[in-house]
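# Chain and residue survey
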Amino acid sequence: MSARIELSAVSKSYDGGARAVDAIDMTIEPGEFFSLLGPSGCGKTTTLRMIAGFETPTDGVIRVGGADITRVPAHKRDMGMVFQNYALFPHRTVRENVAFGLRMRGMARAAIARKVDEALAMVALTGFEDRRPGQLSGGQQQRVALARAIVIQPRVLLCDEPLGALDKKLRQSMQFELKQLQKTLGVTLVFVTHDQEEALAMSDRIAVLNGGKVEQVGTPVEIYDRPATRFVADFIGDTNLFRGEIVPAGAGVALKVSPELVLPLPAAPAASGLVSVALRPEKVRLAAGTDANAITPGTVESANFQGGHVLYRVALPGNRHLLVQSRNDGSGAPLPAGAPVSLSWAPADLVILKD
Amino acid sequence: MSRAVPNLMGLALLPSALFFALFFFLPIGLMAVMSFLTGNPVVMPNVVATTRHYERILEDPFYFEVMWTTVRIGLWTTAITLLLGYPLAHLMARVKSRSLHALLLMAVLMPMLTGIVVRTFAWMALLSDKGVVNQLLQGLGFAPMQLMYNEFGIVLGLVHIYLPFMILTLTGVIGRIDERLEQAAQNLGASPIRAFVEVTLPLSVPGILAGSLLVFALAISAYVTPILMGGFQIMTLPILIYQQISANFNIGFAAALGMVLLALSLVLVVAYNHILAALSGQRDLQ
Ligand SMILES: Nc1ncnc2c1ncn2[C@@H]1O[C@H](COP(=O)(O)OP(=O)(O)OP(=O)(O)O)[C@@H](O)[C@H]1O
Ligand SMILES: [Mg+2]
């Protein structure tokens, strides 16, 4: 029932303007929860609308289940879509909204009624059948939109920031429900969001977009732990970025950020000259006092207690700074500003980035 | 401070309230009174109340004929402006390019910059028995056609004049319908035409309603075009009323005819409203 989606060198430029989507390549596997993540204006919606058939690519080919659908009109694509603003038909009841796709497929009345009831039960909206969209809360409208899209049992489900308008609590419960539903149905789901936490929590794989280009495709763990580019490292979560020169150090190599700060590297990078590296704050171990075995000494500049952990800003030699997230292990108050600390991490946690 | 605001609003409404009272309710009230009097009380001292004007309208089938002609012309004009105007309004509301939109708007508004009389005379030059069209037909060996001095000519002239009203009213309403609704319908398997019929058309009913009422009201009360294009061959209520005042000096009868015209519009407005509201299932429309 679900299908593989392939985009090969797909580009889109709106009349005369710059490329909103620039030669995107990606393959979305059957039954996968696939997120398109990126900042505003990076081309997420445009990509989704090309898959749905509301925009025609300027270049490239889109295949679903192996068949070229680049020029197939939207109504023949058999894809469910949940629009960012839901796009529920305001003049129709909840029941009529959900029944719409089945009616277009010429299904018998009794079968439609049964399927609509099932779909509404699935999104916990039984009893709301005769309301109009205007008489529903945002979360309820969202679920109607979802029911309307899944009731046709599409090969592919497309969601454009479906949870964007919801408050945090509702958002979290809907994230969970959506994920469950996708698992149950086994449908290929393409999910657009600019919320990295949402993407990390829900996706099987994520494509990070920037300026119409794919920066990286990978599992949430890969994206978070092994960002490929400076943009991805910076966009996802808090991160420490260093830029420096590759220098030999003993048996291996190191990154010379400044004369006072030289960081050992796990392996020689492919690039030579100036490279960027990323280090997640929670990968750094921070200990009070000085330690000759530590990678670098530092001085606490500020400590931000956040309950489960403390976020330190530490001054490094050579006028650099490091964010360190230290688990609250119950050992008392955070270290005060000015306290000398020693910092260490596994060299492999230093991720070498493409610019 | 906050309590002063409603007062200020009330004050702002005062001029328009006065205007309406003076130029709308007062004349209609006077017309209603006159329609029940034997003559004009300003110039005739011994005027008495009567229902004879209305009796005359009811008794003579000629006046029914005139009423029906007026309504028929109004209905044709409304239907044709709607059929011609809707696709254009839809295009204007949906067109992406700003320059094309400006061009279309210009094309719609341009005719409104010339007076009704001028435009009607232009039609006459084209359509009269010895006009451009008939000369051309005869030149090509066809028989000449009666293109004006009949209802066809009047309806044509009225459609030309009132089409912009229909288009502008519809464009406003269609433009406010989210395009993504139609896309959602297509996504669910509706062909573009089906999506239009299922979504955009019912949602534009308020515009169809408003535009049609506007055009109908304007068409049944039109005077210049029916006279010029009809060449006095076709009698409509406004023409009849004018004749009663200017030629027959029968103000009471003219007032009664005016009341009939008013009642006719009101009845049709209410009926139309009910029909379309029931069709679209939007009870909250009324
Ligand atoms: N209809 C359009 N005409 C012209 N340019 C457009 C159109 N739609 C989008 N764009 C441009 O294309 C680029 C990508 O837009 P898109 O809507 O795909 O971004 P997005 O990633 O969905 O952003 P957001 O998170 O804000 O929704 C933007 O620069 C936008 O200005
Ligand atoms: Mg978007």
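Residues numbered from 1 in each chain as written. Chains lettered and ligands numbered in written order. Predicted model: local features only at pLDDT ≥ 70, side-chain atom pairs only at ≥ 80, totals over all residues. Heavy atoms only, no water.

With that out of the way, let us pick up the sheet that holds strand β9 (residues 205-210) of chain A. Residue and element names in this part refer to chain A. The mixed open sheet is built from six strands, whose spatial order is β6-β7-β8-β3-β9-β10. A strand with exactly one partner marks an edge of an open sheet, and here the two such strands are β6 (79-82) and β10 (213-218). Neighbour-to-neighbour, the strand axes of this sheet turn through a mean angle of 15°, independent of strand direction. Two strands pair when backbone bridges link them, and β9 and β10 are joined in this way by five bridges, in the antiparallel orientation. Looking at the pairing, Val 208 lines up with Gln 216 of β10. Each of β6 and β7 (156-160) is contacted by helix α4 (residues 138-150), which is oriented at about 175° to β6, the strand it contacts most. (Pairing = 2+ DSSP bridges. Helix = DSSP H or I, 4+ residues; strand = E, 2+ residues; numbered from the N terminus. Axes fitted to C-alpha atoms, helices over the stretch in contact; angles between N-to-C directions. Contact = heavy atoms within 4.5 Å.)

Turning our attention to helix α7 (residues 151-175) of chain B. Between its first and last C-alpha, α7(B) extends 34 Å over 25 residues, near the 36 Å set by a 1.5 Å rise per residue. The largest bend in α7(B) comes to about 45°, at B:Tyr162, with the proline B:Pro164 one to four residues further on. (Expected span 1.5 Å × (residues − 1). Bend = angle between axes of the 7 residues up to and from the residue.)

Once that is clear, we can look at the pattern of salt bridges. Residue and element names in this part refer to chain A. Enumeration over the complete set of coordinates arrives at 23 salt bridges over all chains. With a closest N to O distance of 3.3 Å, Arg 105 and Asp 78 form a salt bridge. Here Arg 105 is found in the loop between α2 (94-104) and α3 (109-122), whereas its partner Asp 78 is found in the loop between β5 (67-68) and β6, with 27 residues between them in sequence. Looking at Arg 105, the relative accessible area reads 37%, which means it is partly exposed. The exposure class of Asp 78 is partly exposed, given its relative accessible area of 25%. The residue Asp 78 makes a salt bridge to Arg 155 at a minimum N-O spacing of 4.0 Å. (Salt bridge = Lys/Arg side-chain N within 4 Å of Asp/Glu carboxyl O. Buried < 20%, exposed > 50% of the residue type's maximum accessible area, 1.4 Å probe, protein only.)

Bringing the site of ligand 1 into the picture now. All names here are of chain A. Around ligand 1 sit Tyr 14, Ala 20, Ser 40, Gly 41, Cys 42, Gly 43, Lys 44, Thr 45, Thr 46 and Glu 161, and those are all the residues in its vicinity. One nitrogen or oxygen atom from the side chain of Thr 46 is found 2.5 Å from an oxygen atom belonging to ligand 1. Here Glu 161 contributes a side-chain N or O atom positioned 3.4 Å from an oxygen atom of ligand 1. Protein contact buries 59% of the 640 Å² of open area that ligand 1 shows by itself. Sorting elements by how many residues they give to the shell around ligand 1 places helix α1 (residues 44-52) first, with three residues. Of the residues that constitute the shell around ligand 1, the class distribution is three nonpolar, five polar and two charged. (Near = heavy atom within 4 Å. Polar contact = N/O pair within 3.5 Å; in protein donor to acceptor, adjacent residues only side chain to side chain. Areas by Shrake-Rupley, 256 points an atom, 1.4 Å probe, with all protein chains shown as cover. Nonpolar A, V, L, I, M, F, W, Y, C, P; charged D, E, K, R; others polar.)

Residues and elements named next belong to chain A. When the domains of chain A are assigned, the result is domain 1 (5-230) and domain 2 (238-353). Taken together, the contact pairs eight residues of domain 1 with eleven residues of domain 2. Carbon and sulfur atoms supply 44% of the area that domain 1 and domain 2 bury against each other, a total of about 810 Å² over both sides. Among the residues of domain 1 in contact with domain 2, Tyr 224, Arg 226 and Arg 230 are the three that bury the most area, contributing 67% of the side total. The tally of links between domain 1 and domain 2 comes to one salt bridge. The salt bridge partner of Asp 225 is Lys 283, with a shortest N-O separation of 2.8 Å. With three residues, helix α7 (residues 220-225) is the largest single contributor of residues to the side of domain 1 that touches domain 2. Residue classes in the side of domain 1 that touches domain 2 are distributed as four nonpolar, one polar and three charged. (Domains from an automatic or database assignment. Buried area = accessible area lost by both parts, 1.4 Å probe.)

What follows concerns the side chain of A:Ser203. Residues and elements named next belong to chain A. Mapped onto the secondary structure, Ser 203 falls in the loop between α6 (196-202) and β9. Within polar-contact distance, the side chain of Ser 203 engages the side chain of Ser 35 at 2.6 Å. Among the polar contacts made by the side chain of Ser 203, one reaches the main-chain carbonyl oxygen of Ala 199 at a distance of 2.5 Å. When sequence neighbours within four positions are dropped, the list of residues in contact with Ser 203 reads Phe 33, Ser 35, Lys 179 and Pro 220.

A few words now on the packing of helix α5 (residues 116-127) of chain B against helix α6 (residues 132-139) of chain B. All names here are of chain B. Where α5 contacts α6, the two axes come as close as 4 Å, and the packing angle between them is 15°. It follows that α5 is roughly parallel to α6 by the angle criterion. Across the interface between the two elements, Ala 125, Leu 126 and Leu 127 from α5 touch Val 132, Val 133 and Asn 134 from α6. Classifying every residue of the contact of α5 with α6 gives five nonpolar, one polar and no charged. (Parallel < 35°, antiparallel > 145°, perpendicular 65-115°, else oblique.)

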